[in-house]
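Letter by letter, the chains look like this.
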Amino acid sequence: MAVYYRRSIWTRILAVLITIPVIAYLANLTYRWLVPFLPLVGAAILLIIFVGLFLRRRRY
């Protein structure tokens, strides 16, 4: 027979209150470190697509 443990509402409230600053901190780190590299990532993706299309058309 399975026994289910029910968490109290206070545990959930405490978990949310702890999670919000952690998510905010991670978002701040992402904003500082990842955003400056996004144009480079976009340029690399476009370069791969255009080179792939150019090589595909030259073969035939």
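Residues numbered from 1 in each chain as written. Predicted model: local features only at pLDDT ≥ 70, side-chain atom pairs only at ≥ 80, totals over all residues. Heavy atoms only, no water.

Attention now goes to the overall build of the protein. Within the protein, the secondary structure is distributed over two helices and zero strands. Per-residue burial over the protein gives 0% buried out of 60 residues. If you sum the accessible surface of the protein, you get close to 6500 Å²; carbon and sulfur atoms cover 73% of it. (Helix = DSSP H or I, 4+ residues; strand = E, 2+ residues; numbered from the N terminus. Buried < 20%, exposed > 50% of the residue type's maximum accessible area, 1.4 Å probe, protein only. Areas by Shrake-Rupley, 256 points an atom, 1.4 Å probe, with all protein chains shown as cover.)

All right, on to a nonpolar patch on the surface then. Residues Phe 37, Leu 40, Val 41, Ile 45, Leu 46, Ile 49, Phe 50 and Leu 53 make up a contiguous nonpolar surface patch of roughly 770 Å² in combined accessible area. In this structure, Phe 37 sits in the loop between α1 (9-33) and α2 (38-59). (Patch = residues over 30% accessible without salt bridge, like charges linked within 9 Å, V, L, I, M, F, W, Y side chains within 5 Å. Salt bridge = Lys/Arg side-chain N within 4 Å of Asp/Glu carboxyl O.)

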